Amino acid sequence: MDLIFEMNSLSASYGTNTVLENVSFRVNENDFIGVIGPNGGGKTTLLKVILGLIKPSAGSIFFNSRLQDSEKIGYLPQISTGDVDYPVSVTDVILSGMMIRKRIITRMSADDRKKAGKIIEELGLSGLEKASLNELSGGQLQRVLLGRAIIGDPKLLLLDEPGNFVDSTFEIDFYGKLKELNNKMSILMVSHDIGMISSHVRSFACVNRKLRYHPSSEITNEQLLAYGCPIQLITHGDVPHTVLKQHN
Ligand SMILES: Nc1ncnc2c1ncn2[C@@H]1O[C@H](COP(=O)(O)OP(=O)(O)OP(=O)(O)O)[C@@H](O)[C@H]1O
Ligand SMILES: [Mg+2]
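In this report, the structure presented in the accompanying data block is examined. (Residues numbered from 1 in each chain as written. Chains lettered and ligands numbered in written order. Predicted model: local features only at pLDDT ≥ 70, side-chain atom pairs only at ≥ 80, totals over all residues.)

### Some points on the overall build of the protein
Secondary structure summary: the protein contains seven helices and 11 strands in total. The buried share of the protein, reckoned over its 248 residues, is 35%. Across the protein, every contact between residues at least 6 apart in sequence was considered, and the portion connecting residues at least 24 apart equals 69%. (Helix = DSSP H or I, 4+ residues; strand = E, 2+ residues; numbered from the N terminus. Buried ≥ 20, exposed ≤ 12 C-beta atoms within 10 Å, placed from the backbone. Contact = placed C-beta atoms within 7 Å.)

### Observations concerning the site of ligand 1
Close to ligand 1 lie Tyr 14, Val 19, Gly 37, Asn 39, Gly 40, Gly 41, Gly 42, Lys 43, Thr 44, Thr 45 and Gln 78, which account for all nearby residues. Examining the composition of the shell around ligand 1, we find that three residues originate from one element, helix H1 (residues 43-51), more than from any other. Split by residue class, the shell around ligand 1 holds two nonpolar, eight polar and one charged. (Near = placed C-beta within 6 Å. Nonpolar A, V, L, I, M, F, W, Y, C, P; charged D, E, K, R; others polar.)

### Notes on the nonpolar core
Ranked by internal contacts, the top residues of the largest apolar core, which has 59 residues, are Val 35 and Leu 158. Looking at which domains feed residues into this core, each of domain 1 (1-41 + 55-64 + 166-248) and domain 2 (73-153) supplies at least three. (Core = buried A, V, L, I, M, F, W, Y, C linked by C-beta atoms within 7 Å. Domains from an automatic or database assignment.)

### Focus: the sheet that holds strand S2 (residues 17-28)
Pairing is antiparallel across the open sheet formed by three strands, whose spatial order is S2-S1-S4. Where the open sheet ends on each side, the last strands, each with one partner, are S2 and strand S4 (58-63). Averaged over neighbouring strand pairs, the angle between their axes works out to 15° when direction is ignored. Relative to S2, strand S1 (residues 3-14) is paired through eight bridges, and the arrangement is antiparallel. Along S2, the bridge assignment pairs Glu 6 with Arg 26. (Pairing = 2+ DSSP bridges. Axes fitted to C-alpha atoms, helices over the stretch in contact; angles between N-to-C directions.)

### Describing unusual backbone geometry
Located in the positive-phi region is Ser 9, a residue other than glycine, with phi close to 40°. The topology assignment puts Ser 9 in strand S1. Residue Ser 9 is classed as exposed on the basis of its C-beta count, with 12 C-beta atoms lying within 10 Å. Unlike most non-glycine residues, Arg 209 shows phi in positive territory, near 70°. Along the chain, Arg 209 falls in the loop between strand S8 (203-208) and strand S9 (210-214).

### Quick notes on the sheet that holds S8
In spatial order, the strands read S5-S6-S7-S3-S8-S9; together these six strands make up an open sheet with mixed pairing. Looking at which strands have only one partner, the edges of the open sheet turn out to be strand S5 (73-76) and S9. Within this sheet the neighbouring strands show an average axis-to-axis angle of 15°, counted without direction. Pairing of S8 with S9, which is carried by five bridges, proceeds in the antiparallel orientation. Looking across to S9, one finds that Val 207 is bridged to Leu 211. Running at roughly 150° to strand S6 (residues 156-160), H1 makes contact with strand S3 (32-36), S5, S6, strand S7 (186-190) and S8 of the sheet. Lying on the sheet, helix H4 (residues 138-150) is in contact with S5 and S6; it crosses S5 at an angle near 165°.

### Details of the pairing of S5
Residues Ile 73 and Tyr 75 of S5 are buried on one face, and the alternating residues Gly 74 and Leu 76, pointing to the opposite face, are buried as well. Pairing analysis gives four bridges linking S5 to S6, with the strands arranged parallel. When the bridges of S6 are listed, Ile 73 appears paired with Leu 156.

### Overview of the pairing of S6
In terms of burial, S6 is a largely internal element, five of the five residues being buried. Residues of S6 alternate between two faces, with Leu 156, Leu 158 and Asp 160 on one and Leu 157 and Leu 159 on the opposite face, all of them buried. By the bridge criterion, five bridges tie S6 to S7 in an arrangement that is parallel. Residue pairing in the sheet places Asp 160 in a bridge with Val 190 of S7.

Structure, rendered in structure tokens:
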């Protein structure tokens, strides 16, 4: 199996506001694509179209028919810590990723619980099994949501700005973990931190109403400009950090 999904001349709108226009884009097995672009450029909308939460206003998206619905997609939404103030435990949140897959609320099997336990350990969350979400740091919360996204063994993992909370102590492990997951699934990762992600992704898609695909992880400012992604370099602490300027 090679293809995961393909978009053909796809557009997406909110009412009369067209946010994605005439996008043709293909994702294959084992791709690791960084999705970049200015605020409001349509990155989150792109992920929602892939998830089927937003229907295209024109064009189409289709998935490889050999993929089972239940194994298609894991999703880590764009969040801020304030969004999550529920007294739900870490284990239950990770297990809820199974529930979405099963589409019915059933009792979790012993195997599911074992799997959640293994993921908790792998993500460095041991000891926090019973902690509730509102007690976690941003980085811990992000890892819990990653656990929730991967527990169903998806073939495609969508990450919307996972780096926002990645604390520096876990950063290497976080990207190391993604690299390991990439052996089993394709990854689309939205990020504003081109400097950080360019050493992890294999290619880039720049989204600013249009989508421009750049099939290499090495991307220069000039290329970004050529791809319609104006950028400016700023320094962020000691680390050179690239952000995108608003397009016209
Ligand atoms: N539910 C919605 N209803 C109406 N308009 C929306 C909705 N969600 C997003 N938009 C608009 O669609 C455009 C694209 O939004 P989107 O969230 O996809 O951008 P983004 O690239 O993810 O931005 P950011 O980098 O800030 O997360 C924006 O102009 C936004 O205001
Ligand atoms: Mg977004």
